[in-house]
Amino acid sequence: MTSASVGTEGVVDVGELPDMDRGRQLCECDHGGEEAYQACGRKAKWRVTIDCVCGEGHPRRVEILCSRCMRTARQTYGREAITVRHL
């Protein structure tokens, strides 16, 4: 279904609603040193949710990553800790 009812006023096309996944997004992976954050800057293709693997129960992190950084995250945290969704 591509539309949603909005009261009795009419119908709004869901494609017209704002969406965080639209537009060109850049990879957020940190490639900087200890002094400063430096974003990767390549075109992001994946929304990645990373679960805590240290056992301390930290909250999930959500990152927007390019394919290269997503592969690195999978190697670092393991496939079980990562959920990936295409942008």
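Bear in mind the structure is a predicted one, so any value in this text is a computation, not a measurement. (Residues numbered from 1 in each chain as written. Predicted model: local features only at pLDDT ≥ 70, side-chain atom pairs only at ≥ 80, totals over all residues. Heavy atoms only, no water.)

1. Some points on the sheet that holds strand 5 (residues 82-86)
The cut-off we apply is this: Two strands make a pair as long as DSSP finds a minimum of two bridges between them. Secondary structure follows DSSP: runs of H or I at least 4 residues long count as helices, runs of E at least 2 residues long count as strands, and numbering of each begins at the N terminus. For every element, the axis is a line fit to its C-alpha atoms; helices are fit only across the contacting stretch, and the angle between N-to-C directions ranges from 0 to 180 degrees.
Spatial strand order, 4-3-5: three strands in an open sheet with antiparallel pairing. The two strands at the open ends of the sheet, each matched to only one other strand, are strand 4 (61-65) and strand 5. Strand-to-strand twist of the sheet, defined as the mean angle between neighbouring strand axes without regard to direction, takes the value 20 degrees. As judged from the five bridges shared by strand 3 (residues 46-50) and strand 5, these two strands associate in the antiparallel manner. Its bridge partner being in strand 5, Thr49 is matched across the sheet by Thr83.

2. A look at the nonpolar core
To keep it simple, the criterion reads: Throughout, nonpolar core names a set of buried Ala, Val, Leu, Ile, Met, Phe, Trp, Tyr and Cys residues whose side chains join them through atoms within 4.5 Å. Each residue is placed in one exposure class: buried if its accessible area under a 1.4 Å probe, protein chains only, is under 20% of its type's maximum, exposed if it is over 50%, and partly exposed if it falls in between. Note on contacts: a residue pair is in contact if any heavy atoms of the two residues lie within 4.5 Å.
Within the largest apolar cluster, 11 residues are counted, these being Cys27, Cys40, Trp46, Val48, Ile50, Leu65, Cys66, Cys69, Met70, Ala73 and Ile82. Among the secondary structure elements, those contributing two or more residues to this core are strand 3 and helix 1 (67-77). The residues touching Trp46, leaving out its near neighbours within four places in the chain, are Glu63, Ile64, Leu65, Cys66, Ser67, Met70, Val84, Arg85, His86 and Leu87.

3. Topic: the state of the cysteines
Covalent bonding between the sulfur atoms of two cysteines defines a disulfide. Rules: The definition used for a disulfide is geometric: two cysteine sulfur atoms within 2.5 Å.
The final tally for this structure, using the stated rule, is zero disulfides. No disulfide involves Cys27; its sulfur sits 3.7 Å from that of Cys69, the nearest cysteine. In this structure Cys29 is not part of a disulfide, and its nearest cysteine sulfur, from Cys69, lies 3.8 Å away.

4. Some details on the confidence of the model for the chain
Any segment with low pLDDT has predicted coordinates that should not be analysed in fine detail. Definition in use: Confidence of the predictor at the level of single residues is given by pLDDT, which spans 0 to 100.
Per-residue confidence for the chain averages 78 on the pLDDT scale, and 74% of its residues sit at or above 70. When pLDDT is averaged over each element of the chain, strand 3 comes out on top at 93 and strand 1 (residues 3-6) at the bottom at 47. pLDDT under 50 marks residues 1-8. Its contacts with residues more than four places away, or in other chains, come to 10 contacts. Low pLDDT (under 50) marks residues 12-19, which in the prediction has 10 contacts with non-local residues, meaning those over four places away or in another chain.

5. Observations concerning helix 1
To be explicit about the condition: Here, the arc refers to the directions that run from the helix axis to the C-beta atoms.
Three or more residues of helix 1 are buried, namely Cys69, Met70 and Ala73. End-on view of helix 1: buried residues confined to an arc of 105 degrees, all on one side of the axis. Away from its buried face, by an angle of more than 90 degrees, helix 1 presents the exposed residues Arg68 and Gln75. Here the buried face of helix 1 lies against strand 3, strand 4 and strand 5. Once helix 1 ends, the next one or two residues include Gly78, with phi positive near 90 degrees.

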